[in-house]
Amino acid sequence: GAARRHSPHKRRRTSEPIEIEDRLESLICRVGEKSTSSLESNLEGLAGVLEADLPNYKNKILRILCAVARLLPEKLTVYTTLVGLLNARNYNFGGEFVEAMIRQLKETLKSNLYSEAVYLVRFLSDLVNCHVIAAPSMVAMFENFVSVTQEEDIPQVRSDWYVYAVLSCLPWVGKELYEKKDVEMDRLLNQIDGYLKRRQKIHVPMLQVWSAEKPHPQEEYLDCLWAQVQKLKKDRWQERHILRPYIAFDSVLCEALQHNLPPFTPPAHSDDAVYPMPHVVFRMFDYTDAPEGPVMPGSHSVERFVIEENLHCIIKSHWRERKTCAAQLLSYPGKNKIPLNYHIVEVIFGELFQLPSPPHIEVMYTALLIELCKLQPGSLPQVLAQATEMMYMRLDTMNTTCVDRFVSWFAHHLSNFQFRWSWDDWADCLTVDNEKPKPKFVKEVLEKCMRLSYHQRIVDIVPPSFSALIPAEPMFQYKYEDESNTSLPGFATAVTVTNAIKNRASNEEILAVLKEIPNPNQDDDDDEGDGFNPLKIDVFLQTLLHLAAKSFSHSFSALAKFHEVLKTLTESDEGKLHILKVVYEAWRKHPQMIAVLVDKMIRTQIVDCAAVANWIFSSDMAHDFTRLYMWEILHSTIRKMNKHVQKIQKELEEAKDKLEKQQHKKQKDSGDEEDMEKNSDDEDGQLEEQIERLQEKVESAQSEQKNLFLVIFQRFIMLLTEHLVRCETGSVDINTSWYKNCIERLQQIFLMHHVIIQQYMGTLENLLFTAELDHHILAVYQQFCALQL
Amino acid sequence: MSIKLNALFSDSYIDISQYRDQHFKGNRYEQEKLLKQSCTLYVGNLSFYTTEEQVYELFSKCGDVKRIIIGLDKVKKTACGFCFVEYYTRADAEHAMRFVNGTRLDDRIIRTDWDAGFKEGRQYGRGKSGGQVRDEYRQDYDPARGGYGKLAQLQRTPEAPHKF
């Protein structure tokens, strides 16, 4: 209905302008939602209201419409119709809107907001269908976009984006543009064809969820879209999926005068432009998978593209509110003609498994799927089960990073449904070696399920035949446990330390006790005995952790209480490495505890990040090298390092800003008094000193960060080279489960920390990823480089 | 360009609730200010048997957990069905409000809410019997929370025999 200007509840006779603006915003944002009236009549009504408000609220209305064009792409055609109606009633307004959109487009491009820019371009193109923009001027803009492919010395991702922007509009406006300007459009498409043929696609293997071509090839996104546009063209641009409210208003709209888009030159490339990374189209379903009901549109149909786009947009708009998001997904217009549940599940997993990283935090997808199951209890859980089954079947070729996410999702999901699953269906995983992808997956899932419950629960939920895959009971392994170990060196001291701790000994007292422990590595002329002594670390830490084994809190308390002792024992790099060894030995059945202890020890500077990296790659840990918990620890360590650098950089920026403001202020108040000047000079001096110190701190932190990555990459190269050489000499196939895991873990380092790593490319290329490297390893590096070329 | 469209992108899961801690030292305004910048969550409706490890595992999905404080019965000093989870950043805590609140931990739907910040003493239940207030008066039987509510338990036990 029309907006009411006078709220019956207010005593004022007329509403405040701010209330009218809020109401306008609400009206515009909500049009197209569920209503007792038809969409057409709502649009008609709203157009009338807005037209009447133009004299007083034109700018506000312009801004709201520009915003919904940018932020509500899933309702694109609703708003283009609205603009069409307004333009028909007020030609000048239409012109001003187009100008405002162009300004907005320029700003979004400058701000590296490329997905929003695509929505804006699409909006403009659909305005051709609404008789707001003249087709030839749209074609001209497209021609300018495509001419970016002729620019020299630009990153490929730049020209990729401009081509993508053009192609992704064609489902909406291809028909109209071809009707008006077929010669020009053919030329355009030929240029695009030529570009797509010559662009390089080295990056593709790194971004694919599955390496196999069957049953669904994981296509590069531009290739897929091109195939879809080709098919659409063959079908003479007949597109029937998109909701087009403007068709109902054709008689009104075709009377309207159109505007010409001003000539649009794509902003020049600059070094701080960050173009979207390429991606691969995730497909897991086809028409054979939805048993009854509407048929799923084919992989190269434009319907598939439009549906997926819209579902992605809905998630982007509503991810913060999972109930709303689920409801919006399930009320997708035209849902009766498509197997919507399958599309939704496919799009969600597509995002969850996206490489390098999902668009949103992983746990959101778990929560969203749970809401969807709640809203569609009779149908969605079955689709989800089917999807899970399919992904299990295809584990052999699934990228390790994606398997990680599959494991985390599945365990968390099960924990919300009493861990009910038909494990027997997966009995085939028991017939192969435990290191193969399927049994490995089940093992990791059960380990994560145990963390969310408890050991006996896991024993109860799986068939007895699965016992080999059940995780160990997470118990402390005390080296100095009982009388049978009295012969162990250090046993006696362990007892002394135990009693000392129970009697609330201080750090000094403990250190005094530990002094009596002989050093198995040491010559007799070590006077102080303060050097690295592995036995001291064994005795103290095993005993301490044993006493504190009850819970995480107890262990953290223990580390805090005896921080001084631990720092003393781990002064050297060997000490740091050894403490990690001892923690592992003691808690090897409780990887979750290992992870939280390592985290605490890094944060309290008992160990450093490089020590953790060296420990992970040490030969002692080779048997656990492919276990998920190891990589969670390593990535958590890298993240802590990165956050540490960021924190100091931020402090430095803040100090610099402060100094600038202070100096600026000084310039403004020309202080006559000498005293005032002296004080502010002192302040400046202090700040400058602080900035210098912070600068050093930043450099030192960055150096540590670079070193961490160097260590990690070096160790990968060593391990992988060893394996490759061994296989070559033995004439054995390199593709073992271990190798697949290891090389994909190397990829994972690049993908998960690509922003940071890009800073150190020069060093990496000069020191590590040189031409002498085995081509299998070098390929990973080259694929990574290709992501932003 | 930066119009916010308040009508559109609500983020209601992270709003502060109506609950205010009656023992909070400060006025309503101060408490609300802390709630709006807090990195600490109160987590309720836990089973008495839910462990710190389980809480860590679940809440770590939203970000690095700084610490967990398990709520204790003031008398028995055993877990009494709630805890505090503190994150290093507000953003991580907000994710927990959006994606963990209202989902299951240890088979129970748990509830998270903003907390003004842990202070010594707040780890204890405030019910008369030592546990949480809600367990004093509830009438239902919840095996994971000590069975019947404390009052209901007293009502159920037969009267003690008279001394004379």
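Residues numbered from 1 in each chain as written. Chains lettered and ligands numbered in written order. Predicted model: local features only at pLDDT ≥ 70, side-chain atom pairs only at ≥ 80, totals over all residues. Heavy atoms only, no water.

1. Re the interface of chain B and chain A
Line of reasoning, step 1. Chain B puts 34 residues into the contact, and the matching count from chain A is 47 residues.
Line of reasoning, step 2. Where chain B abuts chain A, roughly 3,900 Å² becomes buried across the two surfaces, and 53% of that area is made up of carbon and sulfur atoms.
Line of reasoning, step 3. Across the chain B-chain A interface, the total number found is 6 salt bridges.
Line of reasoning, step 4. Asp11(B) serves as the salt-bridge partner of Arg320(A), at 3.9 Å between the closest nitrogen and oxygen.
Line of reasoning, step 5. Linking chain B with chain A are 15 residue pairs in polar contact (both at pLDDT 80 or more).
Line of reasoning, step 6. At the level of secondary structure, the elements contributing two or more residues to the side of chain B that touches chain A comprise α2 (52–59), β2 (65–72), α3 (90–99) and β4 (104–105) of chain B.
Line of reasoning, step 7. Per-element tally for the side of chain B that touches chain A: the top contributor is α2(B), with 6 residues.
Line of reasoning, step 8. The residue makeup of the side of chain B that touches chain A, split by class, is 15 nonpolar, 8 polar and 11 charged. (Contact = heavy atoms within 4.5 Å. Buried area = accessible area lost by both parts, 1.4 Å probe. Salt bridge = Lys/Arg side-chain N within 4 Å of Asp/Glu carboxyl O. Polar contact = N/O pair within 3.5 Å; in protein donor to acceptor, adjacent residues only side chain to side chain. Helix = DSSP H or I, 4+ residues; strand = E, 2+ residues; numbered from the N terminus. Nonpolar A, V, L, I, M, F, W, Y, C, P; charged D, E, K, R; others polar.)

2. Focus: the nonpolar core
Line of reasoning, step 1. Counting 300 residues, the largest nonpolar core has Phe349(A), Trp423(A), Phe441(A), Phe540(A), Phe769(A) and Phe59(B) as the members making the most contacts within it.
Line of reasoning, step 2. Looking at which element gives the most residues to this core, the answer is helix α29 (residues 674–730) of chain A, with 16 residues.
Line of reasoning, step 3. Once residues lying within four places of it in the same chain are set aside, the contact partners of Phe349(A) are Phe282(A), Met284(A), Leu369(A), Leu384(A), Ala387(A), Met391(A) and Trp409(A).
Line of reasoning, step 4. Of all hydrophobic cores here, the second largest spans 6 residues; its members include Tyr42(B), Cys80(B), Phe82(B) and Phe118(B). (Core = buried A, V, L, I, M, F, W, Y, C linked by side-chain atoms within 4.5 Å. Buried < 20%, exposed > 50% of the residue type's maximum accessible area, 1.4 Å probe, protein only.)

3. Comments concerning helix α7 (residues 156–167) of chain A
Line of reasoning, step 1. The end-to-end C-alpha distance of α7(A), which contains 12 residues, comes to 16 Å, matching closely the 16 Å that a straight helix rising 1.5 Å per residue would cover.
Line of reasoning, step 2. Within α7(A), 12 of the 12 residues are buried, leaving the element largely enclosed by the surrounding structure. (Expected span 1.5 Å × (residues − 1).)

4. A word on the UniProt feature "domain: MIF4G" (unreviewed entry) in chain A
Line of reasoning, step 1. According to UniProt, the positions carrying the feature "domain: MIF4G" (unreviewed entry) are residues 21–233 of chain A.
Line of reasoning, step 2. Across residues 21–233 of chain A one finds 77% helix and 0% strand; the C-alpha atoms that close the span lie 44 Å apart. (UniProt positions renumbered as here; feature names shortened; annotations may be inferred.)

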